[in-house]
Amino acid sequence: MTAPAPIPARVPAPVGLLAELTHRCPLQCPYCSNPLELERQASELSTAQWINVLDQAADLGVLQLHLSGGEPTARRDLEQLVAHAAKRQLYSNLITSGYGVTRDRLAALTASGLDHLQISIQDSDPVNADRIAGVPGAHARKVALAGFARALDLALTINAPIHRQNVDNLAAIIEFAVSLGARRVEVAHVQYYGWGLANRAALLPTRQQVVQSIDVVAKARHQYKGVVTFDFVAPDYYAKRPKPCMGGWGRGIINVTPSGKVLPCHAAQSIPALKFDSVTDRPLRDIWANSEAFNAYRGTAWMKEPCRSCEFKEADWGGCRCQALALTGDAANADPMCAKSPSHGEIAKLALVESTAADPPALIYRTPASAAGARSPTG
Amino acid sequence: MTGRERIILTTHSQPALARHVKLRMDDTRQRWVLLAPERLLNPSDTAIAVLQLCDGQQKVEDIAAKLAAEFDAPAAAILDDILPVLQDLADKGYVTA
Ligand code: SF4
Ligand code: SF4
């Protein structure tokens with residue numbers, strides 16, 4: 001065996017692999033983080049290819065595996081992948097819509113070594129929940145799956161994407177998530193990339209609603225101390241500093257798409273200037289350490305002002321590249337959510353106008369057919 | 001409410017790592033890590049020593065006594081150190097008792 005090529009000292013080893021196993025999904029959430037251009041089943045990696053990806057990731061230093069999609073349980077070989085992850089001591093986290101997962105399937109996944117289950121819910125109110133997911137009956141199936149997880153004593157996180165169309169119901173959503181048996185609840189304001197960006201005017205809450213949601217979560221943390229852990233993700237449209245997107249480009253996370261493309265972030269393909277390598281023609285280690293896409297925005301050398309001379313540049317890494325491109329036209333600009341960005345004032349104005357409009361536009365659901373309409377400019 | 005209650009640890013509790021939490025050696029970075037949902041912790045050396053003894057059988061006071069012998073320190077002081085560490089981990093759901 002030849003020794004693997006050494007990784008340059010400036011490149012940290014990745015800790016997490018986000019495996020988008022498939023873009024197939026029975027639901028149509030209008031804030032899905034998948035790209036508008038969904039990959040087809042025929043292009044998906046085989047079981048053997050995914051197992052090879054898991055091996056390469058573990059060898060590279062990855063500790064956590066997020067099995068995601070689309071709906072990852074649409075892959076019939078999910079049990080095999082989970083079992084292999086367990087063999088390589090990868091901590092496996094299944095991120096599911098909960099649709100179409102039977103009790104037997106969940107039992108088989110648990111027996112294969114699944115460490116943790118995450119189910120997303122759209123609301124505590126079944127009617128509004130199904131309306132947002134775009135599929136009747138979706139909510140009831142999530143509730144059923146949470147019950148199977150409880151019966152199997154499988155650790156459960158409930159993730160609740162929050163936006164204008166459910167934010168006022170947050171206290172009830174949290175109660176509901178806790179009643180489902182979640183030990184951890186993620187109250188995650190929708191992030192406005194991809195489908196979320198296309199639907200921003202229908203989903204962005206007002207500043208007042210965001211402030212209230214922070215308060216609701218603080219109360220819940222207090223009420224459930226020692227029983228339930230809460231994570232809160234704010235919408236950055238009302239922030240003064242951007243999020244450290246993915247903990248910094250090419251610093252900790254690798255995203256592999258259903259067909260094997262390797263991305264620094266799930267939205268990275270929205271930057272047309274970048275070329276992405278595939279696990280089908282280049283070793284993962286080489287892609288991580290040496291590829292053009294991973295090095296394009298790794299570290300701080302690529303930065304322009306105001307980031308270049310900013311004291312926070314190694315704290316937030318200039319924010320999100322996709323957001324910089326989508327809203328300012330240049331991926332190397334500061335994320336416009338930053339108060340130092342020249343575009344910040346414009347964004348604040350836009351957030352105010354969209355979030356307070358009396359009549360928000362209709363939701364564009366995540367279907368291949370609506371992708372064309374969703375691609376209109378939004379910035 | 002859920003019927004679940006906060007676990008309060010005492011010297012007589014018999015702590016164990018929760019099933020969904022994994023303590024493992026990270027060969028790449030040459031250190032122990034604690035893996036939990038969306039969390040990657042690098043416990044202190046003391047915490048690692050404690051967690052390795054959390055088998056659901058030994059009581060907190062037994063664990064303290066073992067560490068006292070190992071590190072040649074008074075057991076009472078060790079107990080004062082490790083109880084809050086274990087309580088914090090129990091509050092996060094990583095340790096059961
Ligand atoms: S100027 Fe750049 S580095 Fe500084 S806080 Fe803003 S986005 Fe972050
Ligand atoms: S910066 Fe871009 S590439 Fe990174 S997470 Fe954000 S959207 Fe994705």
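Higher on the page you've got the structure.
The following paragraphs examine the structure supplied in this document. As the structure is a prediction and not an experimental result, all values here were calculated from the model. (Residues numbered from 1 in each chain as written. Chains lettered and ligands numbered in written order. Predicted model: local features only at pLDDT ≥ 70, side-chain atom pairs only at ≥ 80, totals over all residues. Heavy atoms only, no water.)

## So, the overall build of chain B
Quick reminder of the rule: Each helix is a run of DSSP H or I of at least 4 residues and each strand a run of E of at least 2, with the numbering of both proceeding from the N terminus. Only C-alpha atoms enter the radius of gyration; for comparison, a globular chain is expected to reach 2.2 Å times N to the power 0.38, where N is the number of residues. Burial classes follow relative accessibility: with a 1.4 Å probe on protein chains only, a residue under 20% of its type's maximum area counts as buried, one over 50% as exposed, and anything between as partly exposed. Residue contacts are defined here by distance: any two heavy atoms, one from each residue, within 4.5 Å place the two residues in contact. The accessible surface values rely on the Shrake-Rupley method and a 1.4 Å probe; as for residues, cover is taken only from the protein chains in view. Positive charges come from Lys and Arg, negative ones from Asp and Glu, while His and the chain ends are left out of the count. Note on charges: their place is set at NZ of Lys, CZ of Arg, CG of Asp or CD of Glu.
Scanning chain B from N- to C-terminus turns up 3 helices and 5 strands. Along chain B, helices (α) and strands (β) appear in the sequence β-β-β-β-α-α-α-β when read from the amino end. Taken over the C-alpha trace, chain B has a radius of gyration of 14 Å; the compact-globule value for 97 residues is 13 Å, and the two agree within 12%. Projecting the C-alpha coordinates of chain B onto the three principal axes gives extents of approximately 40 × 35 × 20 Å. Of all 97 residues assigned to chain B, the portion counted as buried reaches 40%. Within chain B, counting contacts between residues at least 6 apart in sequence, those at least 24 apart form 54% of the total. In the structure as shown, chain B presents an accessible area of about 5,200 Å², 51% of it carried by carbon and sulfur atoms. Each charge class in chain B can be summarised by its mean position, and for the 11 positive and 14 negative side chains these summaries are 10 Å apart.

## Some thoughts on the site of ligand 1
Which entries qualify depends on this criterion: Near residues are defined by distance, with any heavy atom within 4 Å of the molecule or strand qualifying the residue. In this count, Pro and Cys sit with the nonpolar residues alongside Ala, Val, Leu, Ile, Met, Phe, Trp and Tyr, while Asp, Glu, Lys and Arg are called charged and the others, Gly among them, polar.
Lining the immediate environment of ligand 1, one finds Arg241(A), Pro242(A), Pro306(A), Cys307(A), Cys310(A), Phe312(A), Lys313(A), Asp316(A), Gly318(A), Cys338(A) and Lys340(A). Among the residues forming the shell around ligand 1, the class breakdown is 6 nonpolar, 1 polar and 4 charged.

## As for the interface of chain B and chain A
As a reminder of what qualifies: Two parts placed together each lose some accessible area under a 1.4 Å probe, and adding up what both lose gives the buried area. Salt bridges are defined by distance alone: a side-chain nitrogen of Lys or Arg within 4 Å of a carboxyl oxygen of Asp or Glu. In protein, a polar contact requires one atom able to donate a hydrogen and another able to accept it; more generally it is a pair of N or O atoms within 3.5 Å, and residues adjacent in sequence count only if both atoms are side-chain atoms.
Contact with chain B, which involves 23 residues of that partner, is made by 38 residues of chain A. Of the roughly 2,300 Å² buried where chain B meets chain A, counting both sides, 50% is carbon and sulfur surface. If you sort the residues of chain B by the area they bury against chain A, Arg4(B), Arg24(B) and Glu38(B) come out on top, with a joint share of 25%. Between chain B and chain A we count 3 salt bridges in total. Here Arg39(B) ties to Asp231(A) by a salt bridge, and the two come within 2.7 Å at their closest N and O atoms. Where chain B packs against chain A, one counts 11 residue pairs in polar contact (both at pLDDT 80 or more). Looking at the side of chain B that touches chain A, the elements that each hand over two or more residues are strand S2 (22–26), strand S3 (31–36), strand S4 (39–41) and helix H3 (75–91) of chain B. Per-class residue counts for the side of chain B that touches chain A are 7 nonpolar, 4 polar and 12 charged.

## Thoughts on the sheet that holds S3(B)
All names here are of chain B. Inclusion rule: One bridge is not enough; two strands pair if DSSP finds at least two bridges between them. Angles shown run from 0 to 180 degrees and are taken between the N-to-C directions of axes, each axis being a line fitted to C-alpha atoms and, for helices, limited to the stretch in contact.
The antiparallel open sheet is built from 3 strands, whose spatial order is S2-S3-S4. Strands at the two margins of the open sheet, each flanked by one partner only, are S2 and S4. Averaged over all pairs of adjacent strands, the angle between strand axes in this sheet comes to 30°, irrespective of strand direction. As paired elements, S3 and S4 share 3 bridges and run antiparallel to each other. Counted as the bridge partner of Leu35 is Leu40 from S4.

## What to know about the site of ligand 2
Ligand 2 sits among Tyr193(A), Cys245(A), Met246(A), Trp249(A), Cys265(A), Ala267(A), Cys320(A), Arg321(A) and Cys322(A). Looking at the shell around ligand 2 residue by residue, the class counts come to 8 nonpolar, no polar and 1 charged.

## Observations concerning helix H4 (residues 126–133) of chain A
In an α-helix, one turn spans 3.6 residues, which is why side chains three or four residues apart end up on the same side. Residues and elements named next belong to chain A. Within the span of H4, buried status applies to Asn128, Ala129, Asp130, Ile132 and Ala133. In this structure, the buried residues of H4 make contact with helix H5 (138–152). Once H4 finishes, Gly134 follows within two positions and takes phi at roughly 80°, a positive value.

## Quick look at the sheet that holds strand S5 (residues 156–162) of chain A
Residue and element names in this part refer to chain A. Across the sheet, 9 strands lie side by side as S7-S6-S5-S4-S3-S2-S1-S8-S9; this open sheet has mixed pairing. Both outer strands of the open sheet, strand S7 (229–233) and strand S9 (262–263), are each paired with one neighbouring strand and no more. Where strand S6 (residues 184–189) and S7 come together, 5 bridges link them in parallel fashion. Across the sheet, residue Val185 finds its bridge partner in S7, namely Phe230. On top of the sheet, H5 reaches strand S3 (91–96), strand S4 (116–120) and S5; it is set at about 165° to S4, its chief contact.

## A closer look at helix H2 (residues 78–87) of chain A
Residue and element names in this part refer to chain A. Along H2, the residues classified as buried are Leu78, Glu79, Leu81, Val82, His84 and Ala85. Packing partners of the buried residues in H2 comprise helix H1 (47–60), strand S2 (64–68), S3 and helix H3 (103–111). Positive backbone phi, at 60°, marks Gln89, one or two positions downstream of H2.

## Focus: the pairing of S5(A)
All names here are of chain A. In terms of burial, S5 is a largely internal element, 7 of the 7 residues being buried. Where burial is concerned, the two faces of S5 agree: the one with Leu156, Ile158, Ala160 and Ile162 and the one with Thr157, Asn159 and Pro161 are both buried. Where S4 and S5 come together, 4 bridges link them in parallel fashion. Among the inter-strand pairings, Ile119 is bridged to a residue of S5, identified as Ile158. Pairing of S5 with S6, which is carried by 6 bridges, proceeds in the parallel orientation. Along S6, the bridge assignment pairs Pro161 with Ala188.

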